[in-house]
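Letter by letter, the chains look like this.
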Amino acid sequence: MQFEELDLSYDILDALADMNFVDCTPIQEQAIPPLLEGHDLIGVAQTGTGKTAAYLLPVLSLLRDGDYPRDAINCVIMAPTRELAQQIDQAMEGFSYYLDDTSSVSVYGGNDGIRYEQEKRALSLGADVVIATPGRLISHLSLGNVDLSRVSFFILDEADRMLDMGFYDDIMQIVKHLPRKRQTIMFSATMPAKIVDLAKTILTDPVEVKIALNKPAEGIHQSAYVCYEAQKLPIIDHLFHERKPERVIIFVGKKIHTKDVAITLKRKGYNAEAMHSDLMQEQRDDVMYRFKTGQVDILVATDIVARGIDIDDIQLVINYDVPHDEEDYVHRIGRTARAGKDGRAITLVSEKDQPLFAAIERFLEKEVPKEPLPEELGEAPAYTERGERSRRNNHSRKRRGGGKHRGAKAQQSGKPQSDSLPQQRAQSQPQNSDGQPQTSNSKRRRRKKKE
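Reading the values: rules and limits
- Residues numbered from 1 in each chain as written.
- Predicted model: local features only at pLDDT ≥ 70, side-chain atom pairs only at ≥ 80, totals over all residues.
- Heavy atoms only, no water.
- Buried < 20%, exposed > 50% of the residue type's maximum accessible area, 1.4 Å probe, protein only.
- Helix = DSSP H or I, 4+ residues; strand = E, 2+ residues; numbered from the N terminus.
- Polar contact = N/O pair within 3.5 Å; in protein donor to acceptor, adjacent residues only side chain to side chain.
- Phe/Tyr/Trp six-rings, centres within 6.5 Å; stacked < 30°, edge-to-face > 60°.
- Contact = heavy atoms within 4.5 Å.

Undergrad: I tried to follow helix α14 (residues 326-333) on my own but got confused; where do I start?
TA: The α-helix winds at 3.6 residues per turn, so residues separated by three or four positions along the chain end up facing the same way. Extensive coverage of α14 is indicated by the burial of 7 of its 8 residues. Turning to α14, its buried residues number three or more, namely Glu327, Asp328, Tyr329, Val330, His331, Arg332 and Ile333. Backbone nitrogen of Asp328 and a side-chain oxygen of the N-cap are separated by 2.8 Å at the start of α14; the cap is Asp325.

See below:
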């Protein structure tokens, strides 16, 4: 389906034409019509499917053609991180280019006092669309800087990520300030029980739209190392000795390990930086800038912070820890092999993570090739879908009788002892319609509306 076939405002269609957006993605085709009809909606779709446009386009179209108060906040969009809020704000600028009477403000932490005062002024004047992180909006609410009593649209983007980050209470506190009569829209990459419960609480008779999780791009060469936890850094060291690391992202499951991995790599002489939530926003912006400009070769990051990474020429992605669901795996390795290029994705699979990786292989409907460990690292644990549980049960049977002597040293089984690691409008025209539209510098002639 093409955007021209949807009942969108002509000003919106003009902006889409400027950005060379012609065909809808599946999530846009299924979500936009019911949203234009005023239904609540819950959409399940992964990052990169066009979900930002799926909710922004109908809401902006309704604001353009409807009778909404000009001195009130009409739409609130919640995002889990500053990076996602910025991406939504960029999308807003592109899609609303011809909507002269529609204003917006992005509200998120990590800024100085001047920025806070600018947010406060925009909120008090009644910006049509507010894009906010939960904590920052709560701060403005607690100080009486914002009135949400006339909000018509309430949108939660990446709702599952917000709940993972512990924002449930903040969301419910914000909901208390909203009118009962409103249109509520929720998008989530996954649909766990906690998302179902949240949807039942804040949505009314919602339309459900689910888009199947896409498989990774064919240009990604996937492989894995089955290893003990203490072998992970030596494996990375081996990889970097074989090929000089450039444009590498290492995804780590825990913030503390992110710091440790980056510190250890720096000690080994590699040009690496960590990206995690303990950094001040200025520090995070500086790390990202230096990585994007090639001043940093290796970025060690958590999933949450990585949502704001938008770089097309990543050469290698390393999963230091196996992600907990298929969506995160696809999202991580999808950072490489973009724009038709090839890329590599390597996952380090420890004993305890074997069941998680087996589930990912079942989703991929193929076995990811397992690379042999370098000889100097000793033996690797056996790979089974039961993973750590199987190893523990086997160890228990050996203790009850048979097997090696209880006092046998770890290195006799090939298991290593330890390692150093403790446990405004854009200037180009892209083709992606999810969250980062960038309009051309020349305006098209507007269509005349039909009488």
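From this point, the discussion proceeds with the structure in view.
Undergrad: Can you walk me through the packing of aromatic side chains in this structure?
TA: How two aromatic rings sit relative to each other is set out by the distance from centre to centre and by the angle between their planes. A complete count under the given rule lists 7 aromatic pairs for this structure. A centroid spacing of 5.7 Å and a plane angle of 45° characterise the contact between Tyr68 and Phe153, whose relative ring orientation is tilted. With a gap of 85 residues between them, Tyr68 in the loop between α3 (51-65) and β2 (75-78) and Phe153 in strand β5 (residues 153-156) connect regions that are remote in the sequence. Centre to centre, the rings of Phe240 and Tyr270 are 5.2 Å apart; their planes meet at 70°, and the pair counts as edge-to-face.

Undergrad: Sorry, what's going on with the environment of Lys366 here?
TA: Structurally, Lys366 can be placed in the loop between α15 (354-364) and α16 (388-400). Ignoring sequence-local partners within four residues, the contact set of Lys366 consists of Gln222 and Glu361.

Undergrad: Explanation requested: unusual backbone geometry in the structure shown.
TA: The phi dihedral of Asn20 is positive, around 60°, even though this residue is not glycine. Tracing the sequence through the fold places Asn20 in the loop between α1 (10-18) and α2 (26-36). The backbone of Asp205 shows a phi angle near 45°, a positive value even though the residue is not glycine. We classify Asp205 as exposed; its relative accessible area is 69%.

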